[in-house]
Amino acid sequence: MCSKAGRTRSIVASVAFVTAFLSGCSGADDESDGDQQPDPQARLDAAAEILDRTSGVRFNVEGDDLPDSGTVVVSAEGVAAPPASFEGEVRITTGGLAATVNVISLDGALWAQLPFTTEFAPVDAEALGFGDPGALIDPEQGVSRLLKSGSQVTSADKVRVDGDVLDQIDAILPASLVGSVLTIDDPDAEVHARWLLDPMSGQLRRAVLTGPFYPSGEQTYTVELLDYDERVEISAPSG
């Protein structure tokens, strides 16, 4: 028959065991929670690798707070394929007039079908007032390079886009690097980047870039990426 002291020691030991067990479980949960919150720059690096590996992706670009004068890129859309090819259209305003320019970019060469023409002709992107759209997918100077080149990289609140909940990461980019993708007025300035990632696939779904693209203050370009791994074949225009 157990003594009163023995029963007391048994109860104390049981309490100590349960406390230690629960503490261990709590520590494991904390560690698990930590695993679910990876370094935001590591997530951007992974998104850049996914973009570099894709066979093709659809880009939509939309500008906000744009100036009313000069040559201004209003929007663009098309498909891109690595390492540096794009086919689509760029909508611009120049001298108060709107125009849509069909473009093909292939490994640094650019052709455009200008308004009121029926054929593509070789052009210089800077002469048209916008950057080479083929650079969007170029690992050396495009969006994937921007993903890896930011400072002050921090995770932010989740956001809902077209019914999907995406993870948001904010960063500061050198305007000189952004100028490889979009025309920039002040290459010595900074551009605020808001990256939106798919939490399941890790894909970059949207980039919101705000900075001095034109002389009149700050403007914003939203770059949307759709249909990763799309089969894309881009070739130089015939003739």
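The following refers to the structure shown. Being a predicted model, the structure only gives us computed values, none of them experimental.

This next bit is on the pattern of salt bridges. According to the stated counting rule, one finds 10 salt bridges in the structure shown. Its salt-bridge partner being Arg 194, residue Asp 170 comes within 3.2 Å of it at the nearest N-O pair. One end of the pair, Asp 170, is in strand 8 (residues 164-174); the other, Arg 194, is in strand 9 (residues 190-197), and 24 residues separate them in sequence. A salt bridge links Arg 205 to Asp 198, with the nearest nitrogen and oxygen atoms 3.4 Å apart. Its relative accessible area of 19% is what places Arg 205 among the buried residues. Overlapping salt bridges bring together Arg 43, Lys 158 and Asp 167 as one network.

With that out of the way, let us pick up the packing of aromatic side chains. Any pair of aromatic rings gets described here by the distance separating the centres and the angle formed by the planes. What the rule picks out here adds up to one aromatic pair. Aromatic side chains Phe 213 and Tyr 221 sit 5.0 Å apart centroid to centroid with 90 degrees between the ring planes, which places their arrangement in the edge-to-face category. Neither residue differs from the other here; Phe 213 and Tyr 221 are each classed as buried.

Let us look at empty space enclosed by the protein. Taken as a whole and assessed by the stated rule, the structure comprises two cavities of 30 Å³ or more. In this structure, the largest cavity occupies an estimated 160 Å³ of space. Lining the largest cavity are 14 residues; nearest its centre among them are Val 73, Ala 76, Gly 131, Val 181 and Leu 182. In terms of residue class, the lining of the largest cavity is made up of 12 nonpolar, two polar and no charged. Within this model, the second largest cavity holds a volume of roughly 30 Å³. As for the second largest cavity, its lining consists of Leu 136, Val 143, Leu 146, Val 181, Leu 182, Ala 207, Leu 209 and Val 223. Here the lining of the second largest cavity is built from residues that sort into eight nonpolar, no polar and no charged.

Conventions used here
- Residues numbered from 1 in each chain as written.
- Predicted model: local features only at pLDDT ≥ 70, side-chain atom pairs only at ≥ 80, totals over all residues.
- Heavy atoms only, no water.
- Salt bridge = Lys/Arg side-chain N within 4 Å of Asp/Glu carboxyl O.
- Helix = DSSP H or I, 4+ residues; strand = E, 2+ residues; numbered from the N terminus.
- Buried < 20%, exposed > 50% of the residue type's maximum accessible area, 1.4 Å probe, protein only.
- Phe/Tyr/Trp six-rings, centres within 6.5 Å; stacked < 30°, edge-to-face > 60°.
- 1 Å grid on protein atoms, 1.4 Å probe; cavity = no way out; pocket = protein on both sides within 12 Å on 5 of 7 lines; lining within 4 Å.
- Points joined across faces, edges and corners; volume = space filled by probe spheres on them.
- Nonpolar A, V, L, I, M, F, W, Y, C, P; charged D, E, K, R; others polar.

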